[in-house]
Amino acid sequence: LTLDWKPEPEFGGFYAAQQDGDFAKHGLDVTIKSAGEGAPTWQLVATGKTEFATTAADQVLIARSQGADVVAIFSVYQTFPQGIMVHKARGFTRIEDVFHNPGTLAAEDDVWLHFCVGKFTKGPVTITSYGGGIAAFLAKPDYSQQCFVTSEPILARQQGSDPQTFLIADAGYNPYTTVVITRGEYVKYAVPMVKSMAVACREGWRKYLDDPSPANAVMGKLNSDMDAATFAAAAAAQKPLIETDDTKKTHLGVMTEQRWATLSQQLVDLKVIDKPIPAGECFIDVGK
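Throughout what follows, the structure given in this document is the object of discussion. (Residues numbered from 1 in each chain as written. Predicted model: local features only at pLDDT ≥ 70, side-chain atom pairs only at ≥ 80, totals over all residues. Heavy atoms only, no water.)

Considering the pairing of strand E5 (residues 82-87)
Two faces make up the sheet, and in a regular strand the side chains alternate between them. Where burial is concerned, most of E5 is hidden: six out of the six residues are buried. The sheet contact formed by E5 and strand E9 (residues 163-167) spans five bridges and is antiparallel. Each residue of the ladder has a partner; that of His-87, found in E9, is Pro-163. (Buried < 20%, exposed > 50% of the residue type's maximum accessible area, 1.4 Å probe, protein only. Helix = DSSP H or I, 4+ residues; strand = E, 2+ residues; numbered from the N terminus. Pairing = 2+ DSSP bridges.)

Written as structure tokens, this is what we have:
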């Protein structure tokens, strides 16, 4: 299982599944490794260099639009954890306030940014590239930046700042995130392995949501950039984005054709892909 980032709480359930023997219980011998920041994990899956990997749902659609037969089998985040972090003192009440007021927004040239600019119509805000970290945010009261709710806002609060976060999902762009993908041929010819992987992931995430401490301790040894308090805070911040009303009615990791179809059409509208990808080709749901 190749991760598209370093060991952090967004992957906690996978480490819990490994640590508690859920993978082994389902007949799987799983090695978890990180491909690093920005790694094209769907390409690693498509070329057979890893059996499973994590990515985002929009990347699955982009991959399939380019002929890569990658399929999602489990989604950690039901709600997109990407957000925009502002200073609470600015008094913003809606995400569109970021675009309709003077100031600076630091963000990568990503799909969600194009969606927001198109929806809200860019006003007097100055959009600049994002180089990482929170130093500029701490120093400038009219500065906003992209963030993951499990990361930058926590760090800013620890530094005594007043971060307020608006989720991109609330604007209407809500791709499944930290999605486990595999090759379509595995879905066809190795169904037991694929189902076992999805079920083991679900069991690991149930344990991590109930008690993240053991897996956090394991990840902490692999990622010295994050201390124990930050691991705990990030795990708490992401919980409502993972366990939602939908997952309580069905199961952790659930995905629907409607969500995939909506995202596919959004990518067409944004000219990221040329034509809609049939939702049913993008994922499988192994059920409870």
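Now that the structure is up, let's keep going.
A closer look at unusual backbone geometry
The backbone of Thr-178 shows a phi angle near 50°, a positive value even though the residue is not glycine. Here Thr-178 is to be found in strand E10 (residues 177-183). The phi dihedral of Lys-271 falls on the positive side, at around 65°, and the residue is not glycine. Look at Lys-271 and you get exposed, because its relative accessible area is 72%.

A closer look at the pattern of salt bridges
Where charged atoms from two side chains of opposite charge approach closely, those side chains can pair. Throughout the structure, instances matching the rule amount to eleven salt bridges. Across the pair Glu-203 and Lys-25 runs a salt bridge whose closest N-O atoms are separated by 3.0 Å. In this pair, Glu-203 is assigned in helix H10 (residues 191-210) and Lys-25 in helix H2 (residues 22-25), connecting sequence segments 178 residues apart. Residue classification places Glu-203 among the partly exposed residues on the basis of a relative accessible area of 23%. In this structure, Asp-97 engages Arg-94 in a salt bridge whose closest nitrogen and oxygen atoms are separated by 3.9 Å. Judged by relative accessible area, Arg-94 falls into the partly exposed class, the value being 46%. One continuous salt-bridge network, built from bridges that share partners, spans Asp-22, Lys-25, Glu-203 and Lys-207. (Salt bridge = Lys/Arg side-chain N within 4 Å of Asp/Glu carboxyl O.)

Examining the pairing of strand E4 (residues 70-77)
E4 sits mainly inside the fold: eight of its eight residues count as buried. By the bridge criterion, six bridges tie E4 to E10 in an arrangement that is antiparallel. Bridge assignment links Phe-74 to a residue of E10, and that residue is Val-180.

Observations concerning the sheet that holds E5
Strand order in this open sheet of five strands is E7-E6-E8-E5-E9, and the pairing throughout is mixed. Strands with a single pairing partner mark the edges of an open sheet, and in this sheet they are strand E7 (125-128) and E9. Adjacent strand axes in the sheet meet at a mean angle of 30°, parallel and antiparallel pairs treated alike. (Axes fitted to C-alpha atoms, helices over the stretch in contact; angles between N-to-C directions.)

A closer look at the side chain of Asn-216
Its place among the elements puts Asn-216 in helix H11 (residues 213-222). Residue classification places Asn-216 among the buried residues on the basis of a relative accessible area of 9%. What Asn-216 contacts, discounting residues up to four positions off in sequence, is Pro-9, Tyr-208, Phe-231, Ala-232 and Ala-235. (Contact = heavy atoms within 4.5 Å.)

Quick word on the layout of surface pockets
Of the voids in this model, the largest pocket is the one considered here, and its volume is about 1300 Å³. Every residue lining the largest pocket is counted, 42 residues in all, and those nearest its centre are Trp-5, Glu-37, Gln-82, Glu-108 and Phe-148. Elements that contribute at least two residues to the lining of the largest pocket include exactly helix H3 (41-46), strand E3 (53-55), helix H4 (57-65), helix H6 (111-120), strand E8 (143-148), helix H8 (152-158) and E10. Sorting elements by how many residues they give to the lining of the largest pocket places E8 first, with three residues. Here the lining of the largest pocket is composed, by residue class, of 16 nonpolar, 15 polar and eleven charged. A volume near 180 Å³ is recorded for the second largest pocket. Lining the second largest pocket are 13 residues, with Leu-1, Asp-29, Val-30, Thr-31 and Glu-51 positioned closest to its centre. Looking at the lining of the second largest pocket residue by residue, the classes come out as six nonpolar, three polar and four charged. (1 Å grid on protein atoms, 1.4 Å probe; cavity = no way out; pocket = protein on both sides within 12 Å on 5 of 7 lines; lining within 4 Å. Points joined across faces, edges and corners; volume = space filled by probe spheres on them. Nonpolar A, V, L, I, M, F, W, Y, C, P; charged D, E, K, R; others polar.)

No statement about biological role is implied by the geometric values presented.
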